[in-house]
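# Per-entry structural report
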Amino acid sequence: MIGLLLVALLSAQSHDLPPAGQAHVSQASVKAEGAPAKPSERARVDPASAAQMQAFGRCVAQRQPARAAALLQMDFNTPQFNGALKKLALSEAGCLGLSSKARFAGVLFAGALAEQLLAGTEDLAAALAYDPAGVPVRTFSLSDYIAACVARTAPDGVAGLLETPPQAAPKRRR
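Residues numbered from 1 in each chain as written. Predicted model: local features only at pLDDT ≥ 70, side-chain atom pairs only at ≥ 80, totals over all residues. Heavy atoms only, no water.

## A look at a nonpolar patch on the surface
Together, L142, Y145, I146 and V150 make up an exposed nonpolar region whose accessible area comes to about 400 Å². Take Y145: it is sitting in helix 7 (residues 142-153). Y145 sits in the exposed class, given a relative accessible area of 52%. (Patch = residues over 30% accessible without salt bridge, like charges linked within 9 Å, V, L, I, M, F, W, Y side chains within 5 Å. Areas by Shrake-Rupley, 256 points an atom, 1.4 Å probe, with all protein chains shown as cover. Salt bridge = Lys/Arg side-chain N within 4 Å of Asp/Glu carboxyl O. Helix = DSSP H or I, 4+ residues; strand = E, 2+ residues; numbered from the N terminus. Buried < 20%, exposed > 50% of the residue type's maximum accessible area, 1.4 Å probe, protein only.)

What follows is the structure, encoded as structure tokens:
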């Protein structure tokens, strides 16, 4: 869900960004997978794998910010999106470092791309805040719509969330 929220954040800034589908990435080949697995079928993500995927997404977005932004503006339900996701991931396979393979949900990769693209925003909360005169955010699914709504109506909380490192322990409320 955090990946969806991050994509919605970038969406709120560009007014037109969706989350990603599922993908398998390796230096040798990339295989797009169908719809996301049911929650009971999803594999648990270990912290090291999550950190590797975050680092990969940040690296790709730093090297190719225009292509990353263009990918996030596409409808994630289309074969064109899956193809663009695979091409972008393969074009920067060097970002994997010593690993030759990585497997992760495309939505997490898209979230890492979005997070890196948002990193340069000076006042993120102001950029995310709902503006009735602004261009409506285009969404592609119910969860995408909800994430965009959260980003627009709770911009301070979302900006704070982005300040939290990936895989950090949750903050305790007093």
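## Some points on the state of the cysteines
Applying the stated criterion to the full structure yields 1 disulfide. Note that C59 is cross-linked by a disulfide to C95, the S-S spacing being 2.0 Å. On the S-S bond that ties C59 to C95, the torsion sits near -65°, and the link is left-handed. Taken together, the residues C59 in helix 2 (residues 47-63) and C95 in the loop between helix 4 (79-91) and strand 3 (101-104) connect sequence positions 36 residues apart. Accessibility assignment for this pair places C59 and C95 in one class, buried. (Disulfide = S-S within 2.5 Å.)

## Digging into the nonpolar core
By size, the foremost hydrophobic cluster in this structure holds 23 residues, and its most contacted members are F56, V60, L71, L88, F104, F109 and L113. Those elements that place two or more of their residues in this core are helix 2, helix 3 (65-72), helix 4, strand 3 and helix 5 (106-118). Core analysis: the next-biggest nonpolar cluster, separate from the first, contains 8 residues, L118, L124, V158 and A159 among them. (Core = buried A, V, L, I, M, F, W, Y, C linked by side-chain atoms within 4.5 Å.)

## As for the packing of aromatic side chains
On inspection of all chains with the given rule, the structure shows 2 aromatic pairs. With centroids separated by 5.3 Å and ring planes inclined at 25°, the aromatic side chains of F56 and F109 adopt a geometry described as stacked. Residue F56 is located in helix 2, and its partner F109 is located in helix 5; the two are separated by 53 residues in the primary sequence. By the burial criterion, F56 is buried, and F109 matches it. Measuring from centroid to centroid gives 6.1 Å for F76 and F140, while their planes differ by 90°, and the two rings are edge-to-face. Of this pair, F76 sits in the loop between helix 3 and helix 4 while F140 sits in the loop between helix 6 (124-128) and helix 7, and the two are 64 residues apart along the sequence. Given a relative accessible area of 14%, F76 falls into the buried group. What makes F140 buried here is its relative accessible area of 17%. (Phe/Tyr/Trp six-rings, centres within 6.5 Å; stacked < 30°, edge-to-face > 60°.)

## Examining the packing of helix 3 against helix 5
Relative orientation of the contacting elements helix 3 and helix 5 amounts to 125°, with a least axis distance of 10 Å. Classified by the angle their axes make, helix 3 and helix 5 are oblique. In terms of crossing hand, the pair formed by helix 3 and helix 5 is left-handed. Here P65, A68, A69, L71 and L72 of helix 3 lie close against helix 5, whose contacting residues are A110, L113, A114 and L117. (Axes fitted to C-alpha atoms, helices over the stretch in contact; angles between N-to-C directions. Parallel < 35°, antiparallel > 145°, perpendicular 65-115°, else oblique. Left-handed = near helix turned anticlockwise from the far one by under 90°. Contact = heavy atoms within 4.5 Å.)

## Comments concerning the confidence of the model for the chain
Summing up the model confidence of the chain, the mean pLDDT is 75 and the portion of residues at 70 or higher is 67%. When pLDDT is averaged over each helix and strand of the chain, the minimum, 32, is found for strand 1 (residues 23-26) and the maximum, 95, for helix 3. In the predicted structure, residues 1-5 sits below a pLDDT of 50 and forms 12 contacts with residues beyond four places in sequence or in another chain. (pLDDT = per-residue confidence, 0-100.)

## Some details on helix 3
Those residues of helix 3 lying buried are A68, L71 and L72. The buried residues of helix 3 all sit within an arc of 95° when viewed along its axis, so they share a single face. (Arc of directions from axis to C-beta.)

## Some remarks on the environment of A84
Tracing the chain through its elements places A84 in helix 4. Taking the C-alpha atoms as reference points, A84 and L72, 12 residues apart in sequence, are found 9.9 Å from one another. Not counting chain neighbours up to four residues away, the residues in contact with A84 comprise L71 and M74.

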